[in-house]
Amino acid sequence: MSCLAEPRAARAPSRSPARSPAPGPPRCGGERRSNASDADAEAGPAQDTQDWNHVVKLLEESNSSNLERQLKILRKVVKRFENGLPLKDLAQIFEILNLCAEKLNDQEAFTEPICELIKLCGLPFQKKKLSDEVSYSMTVSKSIAQLGYQPTSANYKIQMAELGGLAETLVLSLALVENQLTEKLWVLKALQYLSSSGVNCRLMLKAQAASRLCVHLNDADPSGQLVFRSSEILWNLLENTSKEEVVNQLSSLECVHALKEVFVHLLMHGFRNYDRQLRNDLLVIATLVAENPAAPMIESGFTKQLVALATFTEVKIPNPLVKGLKLTYSYEDFELKKLLFNVIGVLSKDPCAVQFLSENDVMPALLYYVKPNQKPGFHDWSAAQYEELQLHAIAILATVAPLLLDKYLSCQANTLLLVFLEWCVGQDPFFGQGNSFHGTGGRGSKLAQMRYSLRVLRSVVSLYDDAVNLNLCDQGAISQLLDILKYAANKSKEKEDAILLEIQADILFILSTLCENDLHRKELFGYEGVDILIPFLQMDPNKLFSGLGHVRLLFSALDCLWSCIIGCYIAEDSFLEKQGIFLLLDLLALKQKNLCNIILGILVEFCDNPKTTSHINAWRGEKDQTAANLLIQLWRQEELELGVKRDQYGRIVDMKRPIVSSFQKQQEVIPMPANCPSFAIVEISENMRAKLYSLLCKLGFENLPGLSAKDFVTLAIIRRYLDFKVGEVWRELCEELKKEFRPVTSDEDALKVISEVSEDVGGMIAALQTEMLENQQHQELQEEEKAYAKIQAIHKQREMVNKSWENFLTRTSNYEALKKAKRLQEKSIKASRSKSKSQNVAVHSTDIKGLGTTIGSGCLVTVESTPPQLVGGPLADTDLALRKLSVHGGALKKIKRVKMLDSFKKNSVSVK
């Protein structure tokens, strides 16, 4: 609050000195005195004019020392009139209120008294005589007007209105002014202002404001304010409260009928931009109502009118509503056209509305836009507007086409779409505007048109309707889609974005659907399809987490591989030749849960081709990992996630239920009908173990490369997976039988034997696993012993070499040792000769005259450590060496002029 803008004389009613005070006892206690002092004024509120003058005089003082006295007397005034203000004292009270407001800028302490006095105005005024209402009517009106001069912030006013529940009260008061247009418009104006607050909107909604306003939209109002203000309030309610609750209030037959009547009236008779904007706003509200399945759109006739309005410009239909109706090319009518297309998409979700879509030729109307963009005429939409309408229509077509397949085929929609797609990849000059929501990413290209056309094809082929799919294939759709896929893939190499990835994923899905279970179509996919598909499997794994859609694209490629290649040996062989199995195993090695399931399924199917297993066995991953090792690792990872009990070596712990997951153990067996699968059966499709078992069966459990002892322990469990699963089913069967009835003795014995057999298999596998581990441990010990023996042999060999070297040095440095070695050599040679002497046989001596070494002689002896002065440098010149050295019998003779070295370094002599 702040000081009043007007002077006090203008703000407060003038005091009338001629008016005598009302008779009666003093209100403050004690006798009334003519000469009242300040103390008397403090004792209580003045009753007569003189007492009020003293209170005013005290408040007019600017001395801060009187602040306490001023506040004290104000509190007493408030206390005295706590039950209501008397009419005769109202003028004086408001003068005091104005004085306090003026002091508020300097003294914030006056805030509380002001608020208390204003609160008193909310109580009924008190009168002493019946004539007081008439006597003080002018004073009361001026006093109440003074409340409006109290300056407060807008937020403060809204908060006070929220606390007081004013919005709810005003909504309820609409019933009181239902036949009073002026008063009703004032109430609506107040509600329009209050509806800017979320709190007020919730209060209004509590009072059923949406339905109360909507029902009276069609009431007579020459000014047009009724519809305008009501629609604004409805918009605010939708924005600030629960949209579902507002729509529920608007979904009554009366509300929908009123919406329809007002919308049609504005459509047919509105000529101003204001009318067109209001018409569009109401259509948006009607669209939101149409999203509610409980809304009586059909019963009110609104659905039929909306569908007719959405298509009358493209097709001619006999409907009185559209007779003579023409849309201009203004922005408001352009928005209306888009909103009507949107309504078709909303209404198509209601099965009961499909008949109206068919009768009003919605399919031909939407297909009208499936054609190459042409330059708009003078009286047509602009290029940007036409493109936006075209994309919007094709987007709605993707929703409507699956519902109207007969119309779809009769209009030759497949042909139109294929021709349109051919234009999309053609070289015709076209520059998309890309301004609208549906045109996102299509600026300067035809990608937006391609994107939504493929969505239409995707929506219809996903129904697996033979007539639609056959019609597509007969027109060469497979070959054309492969060309478009190649075009999109090349574009994606230049600049990869979400739209191009979506286009490629949609094409792969369409091809998968067309080729599934049809050998001839798979052959049409053939080599070209394999060449295009391979790069998708070579995708960088880091891109899977980019958020652009690479994951979806990869899944679509895998689905296409499964549907378009498997089962056709020509395509399978081409895929194998291009190392496709290696690419699949590379993806499998990523161990992404969502990828592994589908890849394992593909590999199992591919193993029907006898060439596949050799490719799988030949694959090597990181650290030379084999496919068998990868599969067993995936099995262990799966069992860990399922909570299957295994010991630290991977052996079976629970012999009775070797492969049961922790979730299965928690489930109680409940008797079920024969056509309902049990937990043991359902579990097969919920994890990868069945696929891993099938794939290893294809590969064979013998001679698998690259497995460790731990892998063999796990492999023993995998090998008996089917037996364990059969045992699980029998156990469930036994428990179900025991809960339903008691089997006869023979059946009970048979069930017991079956259970024991299953348990025996578990024990046998556990024993086999233990034996494997023991054999592995024994083998490791043997290998360790071999390693130690090898180390010992190496050390022994080194010792022998060292000893031989020492003997050699001894012989070369000690002549006596050399002679002894010579004698031993001769003795050994003699002992090796034959004892029997043959006649006429020449005996050759093995001794070389003058030889002074125990080393076997050769043709040439080269001593690397020989000093150069003995040979004259390097031994490149053999003649020079022979001239300086005397050679006899391959040995060097002693030369007197040369002094031999007394010792040689180790490793310095090399004999050749």
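Preceding this paragraph is the structure being described.
Residues numbered from 1 in each chain as written. Predicted model: local features only at pLDDT ≥ 70, side-chain atom pairs only at ≥ 80, totals over all residues. Heavy atoms only, no water.

Would you mind going over a nonpolar patch on the surface in detail, with residue names and values included?
On the surface, a nonpolar cluster with roughly 320 Å² of combined accessible area is contributed by Leu722, Val726, Trp730 and Leu733. Tracing the backbone through its elements, the reader meets valine 726 in helix α40 (residues 721-740). (Patch = residues over 30% accessible without salt bridge, like charges linked within 9 Å, V, L, I, M, F, W, Y side chains within 5 Å. Areas by Shrake-Rupley, 256 points an atom, 1.4 Å probe, with all protein chains shown as cover. Salt bridge = Lys/Arg side-chain N within 4 Å of Asp/Glu carboxyl O. Helix = DSSP H or I, 4+ residues; strand = E, 2+ residues; numbered from the N terminus.)

Can you break down a negative patch on the surface residue by residue, with the values?
On the surface, a cluster of negative charge is contributed by Glu780, Glu783, Glu784 and Glu785. Along the chain, the position of glutamate 784 falls in helix α41 (residues 745-813). (Lys, Arg positive; Asp, Glu negative; His and termini not counted. Charge placed at Lys NZ, Arg CZ, Asp CG, Glu CD.)

Report on the pattern of salt bridges, specifying residues and quantitative values.
Within this structure, the stated rule accounts for 34 salt bridges. As a salt-bridge pair, glutamate 314 and lysine 337 come within 3.0 Å of each other at their nearest N and O atoms. On the criterion of sequence distance, the pair formed by glutamate 314 in the loop between α18 (302-311) and α19 (331-347) and lysine 337 in helix α19 is long-range, its members being 23 residues apart. Exposure remark for lysine 337: the relative accessible area of 1% places this residue in the buried category. Here arginine 689 ties to glutamate 683 by a salt bridge, and the two come within 2.4 Å at their closest N and O atoms. Side by side, arginine 689 and glutamate 683 carry an identical accessibility label, which is buried. A single network of salt bridges, built from pairs that share partners, joins Glu639, Arg646, Glu683, Arg689, Lys725 and Glu728. (Buried < 20%, exposed > 50% of the residue type's maximum accessible area, 1.4 Å probe, protein only.)

Lay out the nonpolar core in plain terms, naming residues and giving numbers.
Tyr408, Leu511, Leu537, Phe575, Leu584 and Leu588 are the most contacted members of the largest nonpolar core, which has 196 residues in total. When residues of this core are assigned to their parent elements, the largest contribution, 11 residues, is made by helix α28 (residues 498-515). Those residues in contact with phenylalanine 575 that sit more than four places away from it in its chain are Val530, Ile534, Leu537, Leu561, Ile565, Gly580, Ile581, Leu584 and Phe606. (Core = buried A, V, L, I, M, F, W, Y, C linked by side-chain atoms within 4.5 Å. Contact = heavy atoms within 4.5 Å.)

Report on the side chain of asparagine 292, specifying residues and quantitative values.
One can find asparagine 292 in the loop between α17 (273-290) and α18. With relative accessibility at 15%, the residue asparagine 292 sits in the buried group. Of the polar contacts made by the side chain of asparagine 292, one reaches the side chain of serine 251; its length is 2.8 Å. (Polar contact = N/O pair within 3.5 Å; in protein donor to acceptor, adjacent residues only side chain to side chain.)

Kindly report on the packing of helix α14 (residues 225-240) against α17, identifying the contributing residues and their values.
Look at α14 against α17: their axes get within 11 Å of each other, and the N-to-C directions meet at 40°. In terms of orientation, α14 lies oblique with respect to α17. Of the two possible hands of crossing, α14 and α17 adopt the one that is left-handed. Within the contact between the two elements, α14 uses Val227, Phe228, Ser231, Leu234, Trp235 and Leu238 and α17 uses Tyr274, Leu278, Asp281, Leu282, Val284, Ile285 and Leu288. In the contact of α14 with α17, the residues fall into 11 nonpolar, 1 polar and 1 charged. (Axes fitted to C-alpha atoms, helices over the stretch in contact; angles between N-to-C directions. Parallel < 35°, antiparallel > 145°, perpendicular 65-115°, else oblique. Left-handed = near helix turned anticlockwise from the far one by under 90°. Nonpolar A, V, L, I, M, F, W, Y, C, P; charged D, E, K, R; others polar.)

Give me unusual backbone geometry: which residues, what numbers.
Not every positive phi belongs to a glycine, and glutamine 208 is a case in point at roughly 60°. Of note in the backbone geometry, asparagine 703 takes a positive phi value of approximately 60° without being a glycine. Along the chain, asparagine 703 turns up in the loop between α38 (689-699) and α39 (709-719). According to the relative accessible area criterion, asparagine 703 is exposed, its value standing at 79%.

Go over the packing of aromatic side chains with me, naming the residues and quoting the values.
Centre-to-centre distance and the angle between the planes together describe a pair of aromatic rings. Tallied over the full model, the rule gives 11 aromatic pairs. Ring plane angle 55° and centroid distance 5.9 Å describe the contact between phenylalanine 228 and tyrosine 274, whose orientation is recorded as tilted. Of this pair, phenylalanine 228 sits in helix α14 while tyrosine 274 sits in helix α17, and the two are 46 residues apart along the sequence. Its relative accessible area of 31% is what places tyrosine 274 among the partly exposed residues. A ring pair is formed by phenylalanine 420 and tryptophan 423, whose centres lie 5.4 Å apart and whose planes are at 25°; its orientation type is stacked. A residue pair is termed a helical-turn pair when its members lie 3 or 4 positions apart in one helix, as phenylalanine 420 and tryptophan 423 do in helix α24 (residues 413-424) at 3 residues. Look at phenylalanine 420 and you get buried, because its relative accessible area is 0%. By relative accessible area, which is 8% here, tryptophan 423 ends up buried. Among the aromatic residues, ring-to-ring pairing joins Phe341, Tyr368, Tyr369 and Tyr386 into one connected group. Residue placement shows arginine 272 over the ring face of phenylalanine 271; its charged tip is 5.9 Å from the ring centre. Directly above the ring of tyrosine 368 sits lysine 371, whose terminal nitrogen or CZ lies 3.9 Å from the centroid. (Phe/Tyr/Trp six-rings, centres within 6.5 Å; stacked < 30°, edge-to-face > 60°. Lys NZ or Arg CZ within 6 Å of the ring centre and 35° of its normal.)

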